[in-house]
Amino acid sequence: MRVLLVGAGGVGTAITRIAARRPFFEAMVVADHDPTRAETAVAALGDDGARFLAERVDAGDEAAVAALMVRHRCDVLLNATDPRFVMPLFLAARTADATYVDMAMSLSRPHTERPYEECGVKLGDEQFTRAPEWEMAGALALVGMGVEPGLSDVFARHAADELFDEIEEIGVRDGANLTVDGYEFAPSFSIWTTIEECLNPPVVYEADRGWFTTEPFSEPEVFDFPEGIGPVECVNVEHEEVLLVPRWVDARRVTFKYGLGEEFIRTLRTLHLLGLDRTDPVTVPGLAGPVSVSPRDVVAACLPDPATLGERMHGKTCAGTWVRGVKDGRPREVYLYHVVDNQWSMAEYGCQAVVWQTAVNPVVALELLATGAWTGAGVLGPEAFPARPFLDLLTAYGSPWGMREQ
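Not measured: the values here are computed from a predicted model.

Student: Sorry if this is basic, but what is going on with unusual backbone geometry here?
Tutor: It is generally the case that most residues other than glycine have a negative phi and that most peptide bonds are trans. With an omega of 0°, the peptide bond running from Glu-148 to Pro-149 counts as cis. Of note, Pro-149 is situated in the loop between strand E6 (140-142) and helix H7 (151-163). The phi angle at Arg-73 is positive, at roughly 55°, despite the residue not being glycine. For Arg-73, the location among the structural elements is in the loop between helix H3 (62-71) and strand E4 (76-79). With a phi angle near 55°, Asp-97 is a residue other than glycine that sits in the positive phi range. Structurally, Asp-97 is set in the loop between helix H4 (86-95) and strand E5 (99-102). For Asp-97, a relative accessible area of 56% corresponds to the exposed category.

Put into structure tokens, the structure is as follows:
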């Protein structure tokens, strides 16, 4: 397996450090629009970096990405960029006849008239419309293979296969007790992506209604997270799991709720009120004349890079899937989860907990594809594959998962 990794930010860098310890691939080309970032990621591997090579590429240039893949004989493209670049990278992989893997799916667009009732363009719709092309070519696009979506979807598949006879509800629940010294507001993940998913209308799935939307931050509930994190208020947020799980897992209801906290929600609402969440450019004065700039990119530039916060960060992050249903004629309720302690991830990999937890899952998936434990064709989510090989290999990576009977 020869991999083109596009994106050498926090998650991309963590991917290189995790993958460097595994023998399943022949080479990994690390590419970024900023060549210094790619070079730094590779250089940090030291003696473990012999299989890695840094390159520069514009993730939005489909032809350039495809040409880079051909030049380095890469048969897999792993997308570690933000969701804006999903479609050019997805299409570049098809052009190069390569397997494609991402951690977030093509962007949604709200319904023009009833955004908080009906779906417009859903997350992943642009990719799924091209599924027949991938199927006919016998090629695989594995979409949503991070932690959420990704591991959370694997948990849903595992619950359906081994833990339940009937499933009433699947609810992904994400929470943390992370703090960052010296910052009152410092998101632990890409603020661009966080704004996108938190301010868009959340999607809910119900078997008798299909997919529909609600108001942002709706249906608050307090969820008790394991391993000392404790109770965190969670709210509805737009996320890929709700669009993926029902395609392969039979459940009457699917939701995603994120533990954001009042201060975080208040900040996001203020950004929206001021129009600072917009992605379309505005014109502002500059020293050399008017400059066109996206307000959301300005917000991102004003905040610290999440990848650099590890030394100041304390606490744990938890990703998990809560499932309610029936087993052997009796009601059952479980929470399948994965917790990462920032102190451990920094000491072991030099990566903060949130980006490390996101990065480990696509590496596990690549190894399963390389060994043939996972095979398939078309545009498929993690739920389309057997869960047990993934969960066993994740544990073998030194990062076990857990299950709590509710």
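Student: What should I look at first to understand the side chain of Thr-16 in this one?
Tutor: If you trace the backbone, Thr-16 turns up in helix H1 (residues 10-19). In contact with Thr-16, not counting residues within four places along its chain, are Leu-5, Met-28, Val-30, Ala-41, Leu-45 and Phe-52.

Student: Sorry if this is basic, but what is going on with the sheet that holds E5 here?
Tutor: Strand pairing within a sheet occurs via backbone hydrogen bonds; the two strands may be parallel or antiparallel. Spatially, the seven strands line up as an open sheet ordered E3-E2-E1-E4-E5-E6-E19, and their pairing is parallel. Both outer strands of the open sheet, strand E3 (52-56) and strand E19 (378-380), are each paired with one neighbouring strand and no more. Taking the axes of each pair of neighbouring strands and ignoring which way they run, one obtains an average angle of 20° across the sheet. Packing of helix H2 (residues 35-43) onto the sheet brings it into contact with strand E2 (27-32) and E3, and relative to E3 it is tilted by some 175°.

Student: Whenever I open this one, the packing of H3 against H4 confuses me. Can you help?
Tutor: Geometry of a packed helix pair, given as the angle between the helix axes and the separation of the axes. Where H3 contacts H4, the two axes come as close as 8 Å, and the packing angle between them is 45°. Between H3 and H4, the angle is such that the two are oblique. Handedness of the H3/H4 crossing: right-handed. Here H3 contributes Glu-62, Val-65, Ala-66 and Met-69 to the contact with H4, which in turn contributes Pro-88, Leu-89, Leu-91, Ala-92, Ala-93 and Thr-95. Its residues placed into classes, the contact of H3 with H4 shows eight nonpolar, one polar and one charged.

Student: Sorry, what's going on with the pairing of strand E11 (residues 221-225) here?
Tutor: Two faces belong to every sheet, and in a regular strand the side chains alternate between them. Two elements, E11 and strand E12 (residues 230-236), share five bridges in a ladder whose sense is antiparallel. When the sheet's bridge partners are listed, Asp-224 is paired in E12 with Pro-231.

Student: Just to check I follow, could you spell out the nonpolar core for this structure?
Tutor: For soluble globular proteins, the rule of thumb is that nonpolar side chains tend to be buried together. Residues Ile-15, Trp-374 and Phe-390 are the most contacted members of the largest nonpolar core, which totals 90 residues. When residues of this core are assigned to their parent elements, the largest contribution, eleven residues, is made by helix H13 (residues 353-371). Setting aside chain neighbours within four positions, we find Trp-374 in contact with Leu-142, Met-145, Val-154, Ala-365, Leu-368, Leu-369, Pro-382, Phe-385, Pro-386 and Phe-390. Counting residues in each nonpolar core, the second largest holds 30 residues, with Ala-59, Met-69, Ala-98 and Ala-131 among its members.

Student: For this particular structure, what's the right way to read the packing of helix H8 (residues 191-199) against helix H11 (residues 295-302)?
Tutor: As a packed pair, H8 and H11 sit with axes 9 Å apart at the nearest point and diverge in direction by 130°. As the angle between them shows, H8 and H11 are arranged oblique. Every residue of H11 that contacts H8 at Ile-191, Trp-192, Ile-195 and Glu-196 is listed here: Arg-296, Asp-297, Val-299 and Ala-300.

Student: Please clarify how helix H12 (residues 342-349) should be interpreted in this entry.
Tutor: Spacing of three or four residues puts side chains on the same side of an α-helix, whose turn is 3.6 residues. Taken residue by residue, H12 has Asn-342, Ser-345, Met-346 and Tyr-349 as its buried positions. Down the axis of H12, the smallest arc covering the buried residues is 105°, so these residues share one side. H12 presents Gln-343 and Ala-347 as exposed residues on the side facing more than 90 degrees away from its buried surface. Structurally, H12 contributes buried residues whose contacts are with H1, strand E16 (313-314), strand E18 (330-341) and H13.

Student: What is the right way to look at the environment of Trp-344 in this model?
Tutor: Along the polypeptide, Trp-344 turns up in helix H12. Residue class for Trp-344 comes out partly exposed when judged on its relative accessible area of 30%. In this structure, the C-alpha to C-alpha distance between Trp-344 and Lys-316, residues 28 residues apart in sequence, is 9.6 Å. If we skip the residues at most four places from it in the chain, Trp-344 touches Tyr-349, Trp-356 and Gly-398.

About the criteria used
- Residues numbered from 1 in each chain as written.
- Predicted model: local features only at pLDDT ≥ 70, side-chain atom pairs only at ≥ 80, totals over all residues.
- Heavy atoms only, no water.
- Helix = DSSP H or I, 4+ residues; strand = E, 2+ residues; numbered from the N terminus.
- Buried < 20%, exposed > 50% of the residue type's maximum accessible area, 1.4 Å probe, protein only.
- Contact = heavy atoms within 4.5 Å.
- Pairing = 2+ DSSP bridges.
- Axes fitted to C-alpha atoms, helices over the stretch in contact; angles between N-to-C directions.
- Parallel < 35°, antiparallel > 145°, perpendicular 65-115°, else oblique.
- Left-handed = near helix turned anticlockwise from the far one by under 90°.
- Nonpolar A, V, L, I, M, F, W, Y, C, P; charged D, E, K, R; others polar.
- Core = buried A, V, L, I, M, F, W, Y, C linked by side-chain atoms within 4.5 Å.
- Arc of directions from axis to C-beta.

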